[in-house]
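# Descriptive structure summary
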Amino acid sequence: MTITEKILASHCNKKEVHPGELINAKVDVILANDITAPIAIKEFEKIGAKDVFDKDRIALIPDHFAPQKDIKAAEQCKMLRDFSHKHGLSLYFEVGRMGIEHALLPEQGIVLPGDVVIGADSHTCTYGALGAFATGVGSTDVAAAMATGECWFKVPESIKFIYYGSLNKWVSGKDLILHTIGDIGVDGALYMAMEFTGEVIDKLSMDSRLTMCNMAIEAGGKSGIIVPDKITEEYVKVRAKRQYHFYNSDNDTNYARIIEYDCSKIQPTVACPSLPSNTKPVNELSHITIDQVVIGSCTNGRMEDLRVAASVVKGRKVNPNVRMIVFPATQLIYKQALQEGLIEIFIDAEAVVSTPTCGPCLGGHMGILARGERAIATTNRNFVGRMGHPESEVYLSNPAVAAASAILGRIGSPEELGL
Amino acid sequence: MKLQGKVWKFGDDIDTDAIIPARYLNTSNPEELARHVMEDADKEFPNKVKRGDILVAGKNFGCGSSREHAPIAIKAAGIQAVIAKSFARIFYRNAFNIGLPIFESEDASQGISEGDIVEIDADTGRIDNLTTKKTFTAKPIPPFMQELIASGGLIEWTKKKLEKV
């Protein structure tokens, strides 16, 4: 069996499960945010259950339109707080403790290897980086699971991706996943688990692994997953407050497909408007001028991302035609960036540093594009109107390319700055 | 149950931001959402669409976000059903969970044009294009999803399950 099948089998008391089989599995953690939880709460109340299945396994995180951007958003955030108080939920995160959900839950040791996690947010697949089965669902799914502690799944087929060779300079997990989506398309892994393997993944940092699994959904994937190893152990052992389990994939497992990439051929990669699969190497896009740079999000708002971006802008100034906005993904990341002097580097470069929020990634607030404006962002989606006006444009890249582009005033690589 | 309506046609990879842009997600009120349905794919669509109409799209309909607001906006706009070559996974789940009828058929997706009148037999998956007299068959709905529909959606199904316990 694959790691995905083993985790799912263990959560429905079966020895084996097979792709295509419908199962009802126990969930370890349930997640919703200020956009999706309000519907989940309303639907939960229709069920008529007196209480939630477990007050310590439901995370409600107001991160999308928070800090509350307008009255309607504030009303939605308040629903999360009121529901959390009513049911005594221990995993409610008020602004000040809140971070972007998919950075916060791994950082706090709330999601762990071997877990089954569902979230009413499509990027819930991020936690596969820890060796968990994690997938996005809708609000009604969350409502039902809050009552029962269970969720129905079709056991997915798995695609095995093997990354070999070595990474070129300025290439990170973001480039590997953009390259992969560019290769297989936005529905190339529809309904499937994307298992990332190979010598490059074995050496890849946890931050880059989280970035890769985060974007599995952009290829239509049900989940992304990486078999846990020493790097996983190092990351979780200092965070976990409960037991966790490492699962692996058997050697003789049948995969739906096996796809190999020679990483020495992968350059820093940019996804052009308006699909994440519309990828090009950065050096083919040096004619594209930009108005805004966004560094952050559940995809690339972690320490590694901020360190790389700071190393590029250090001692330089953001181009006068560009606004650069940096979003540390959690309060802990913000504090560490402060201690490491990264925030000072950004401010000296004339970038602005924001409180943690999903903000502009989904066109919410804190950096919305006007008609005709263009951004390069370390986020995960570049659909029409994603960051603002339907006639604005978003290019997706890694933090090094985004930071270099901020200095250049156009899309470009750090190498153009002599780095 | 038979669903008959006039068709609005869309292409491949219609994402949830096109179905309901995030700038309107500070509410989950179905009527408010319906006023902006498909707005970023076709600005005039919310004014043009009529109760009882049917959407026909290409592959990977509903890709992107998990927002249940997407099928809610479609349903609240009075759209009876969506036919597509394929659906993105979370949209597929959400549609069944909230009771928006959806049908997967590559042939129907290709063989139906904007403005055609189609009739869908929701029980058998037979799709008749009454304008061109062509007939298509949607992929069968898995038994568990049929059970969900028969129960009246996931919430009702869950209620029954909890009553048994």
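Values in this document were obtained by computation on a predicted structure and should not be read as measured data.

In this section: the overall build of chain B. Counting its secondary structure elements, chain B contains eight helices and seven strands. Radius of gyration (C-alpha) of chain B: 15 Å, near the 15 Å computed for a compact globule of 165 residues. In terms of principal-axis extent, the alpha carbons of chain B reach across some 50 × 40 × 25 Å. In chain B, which comprises 165 residues, the proportion classed as buried is 63%. About 6700 Å² of surface is accessible on chain B, with carbon and sulfur atoms providing 50% of the total. The averaged location of the 24 negative side-chain charges in chain B is 2 Å from the averaged location of its 23 positive side-chain charges.

In this section: the sheet that holds strand E9 (residues 193–197) of chain A. Residue and element names in this part refer to chain A. As summarised here, the arrangement of the four strands in space is E10-E9-E8-E11, forming an open sheet in which the pairing is parallel. Of all the strands in the sheet, the pair left with one neighbour each is strand E10 (223–225) and strand E11 (257–262). Each strand axis lies, on average, 20 degrees off the axis of its neighbour in the sheet, ignoring direction. Against the sheet, helix H6 (residues 173–184) contacts strand E8 (158–164), E9 and E11, and its axis sits at roughly 125 degrees relative to E11.

This next bit is on the domain arrangement of chain A. Residues and elements named next belong to chain A. What the domain assignment lists for chain A is domain 1 (3–261) and domain 2 (270–417). With 38 residues of domain 1 at the interface, the matching set in domain 2 holds 40 residues. With both chains or domains summed, domain 1 and domain 2 bury close to 3000 Å², and 60% of this area falls on carbon and sulfur atoms. On the domain 1 side of the contact with domain 2, Ile100, Trp170 and Lys174 bury the most area, a combined 23% of that side's loss. Between domain 1 and domain 2 we count one salt bridge in total. A salt bridge links arginine 381 to glutamate 218, with the nearest nitrogen and oxygen atoms 2.9 Å apart. Where domain 1 meets domain 2, there are 23 residue pairs in polar contact (both at pLDDT 80 or more). Looking at the side of domain 1 that touches domain 2, the elements that each hand over two or more residues are helix H4 (101–107), H6 and helix H8 (206–214). Of the residues in the side of domain 1 that touches domain 2, the class split is 14 nonpolar, 15 polar and nine charged.

Here we take up the sheet that holds strand E3 (residues 81–84) of chain B. Backbone hydrogen bonds hold the strands of a sheet together, and the pairing may be parallel or antiparallel. Residues and elements named next belong to chain B. Spatially, the seven strands line up as an open sheet ordered E4-E3-E2-E1-E5-E6-E7, and their pairing is mixed. Bordering the open sheet on either side are strand E4 (102–104) and strand E7 (134–137), each of which pairs with just one other strand. Neighbour to neighbour, the strand axes of the sheet diverge by 25 degrees on average, direction disregarded. When strand E6 (residues 126–129) meets E7, the two strands line up antiparallel, connected through four bridges. Bridge assignment links asparagine 129 to a residue of E7, and that residue is lysine 134.

Oppositely charged side chains may form a pair once their charged atoms are brought near each other. Summed over the entire model, instances satisfying the criterion amount to 33 salt bridges over all chains. With a closest N to O distance of 3.8 Å, aspartate 28 of chain A and arginine 57 of chain A form a salt bridge. In this pair, aspartate 28 of chain A sits in the loop between strand E1 (22–26) and strand E2 (29–33) while arginine 57 of chain A sits in the loop between helix H2 (37–47) and strand E3 (58–61), placing the two residues 29 residues apart along the sequence. Glutamate 106 of chain B serves as the salt-bridge partner of lysine 85 of chain B, at 3.8 Å between the closest nitrogen and oxygen. On the criterion of sequence distance, the pair formed by lysine 85 of chain B in the loop between E3 and helix H5 (89–98) and glutamate 106 of chain B in helix H6 (residues 106–111) is long-range, its members being 21 residues apart. A residue is classified by how much of its surface remains accessible, and lysine 85 of chain B, at 30% relative accessible area, is partly exposed. One network of salt bridges, with partners in common, ties together Lys26 and Glu150 of chain A together with Lys161 of chain B.

Let us now look at the interface of chain B and chain A. Listed per partner, the contact involves 42 residues of chain B and 50 residues of chain A. Per-residue buried area on chain B facing chain A is highest for Asn26, Arg89 and Arg93 of chain B; these three make up 20% of the total on that side. A salt bridge links aspartate 141 of chain A to arginine 93 of chain B; the shortest N-O distance between them is 2.8 Å. Our count for the chain B to chain A interface comes out at 21 residue pairs in polar contact (both at pLDDT 80 or more). Residue classes in the side of chain B that touches chain A are distributed as 16 nonpolar, twelve polar and 14 charged.

Residues and elements named next belong to chain B. With four bridges connecting them, strand E5 (residues 117–121) and E6 associate as antiparallel partners. Note on E6: the bridge partner recorded for glutamate 119 is aspartate 128. The antiparallel hairpin formed by E6 and E7 contains four residues in its connecting segment, where lysine 133 sits at a positive phi of about 65 degrees.

Parameters at a glance
- Residues numbered from 1 in each chain as written.
- Chains lettered and ligands numbered in written order.
- Predicted model: local features only at pLDDT ≥ 70, side-chain atom pairs only at ≥ 80, totals over all residues.
- Heavy atoms only, no water.
- Helix = DSSP H or I, 4+ residues; strand = E, 2+ residues; numbered from the N terminus.
- Rg over C-alpha atoms; globule rule 2.2 N^0.38 Å.
- Buried < 20%, exposed > 50% of the residue type's maximum accessible area, 1.4 Å probe, protein only.
- Areas by Shrake-Rupley, 256 points an atom, 1.4 Å probe, with all protein chains shown as cover.
- Lys, Arg positive; Asp, Glu negative; His and termini not counted.
- Charge placed at Lys NZ, Arg CZ, Asp CG, Glu CD.
- Pairing = 2+ DSSP bridges.
- Axes fitted to C-alpha atoms, helices over the stretch in contact; angles between N-to-C directions.
- Contact = heavy atoms within 4.5 Å.
- Domains from an automatic or database assignment.
- Buried area = accessible area lost by both parts, 1.4 Å probe.
- Salt bridge = Lys/Arg side-chain N within 4 Å of Asp/Glu carboxyl O.
- Polar contact = N/O pair within 3.5 Å; in protein donor to acceptor, adjacent residues only side chain to side chain.
- Nonpolar A, V, L, I, M, F, W, Y, C, P; charged D, E, K, R; others polar.

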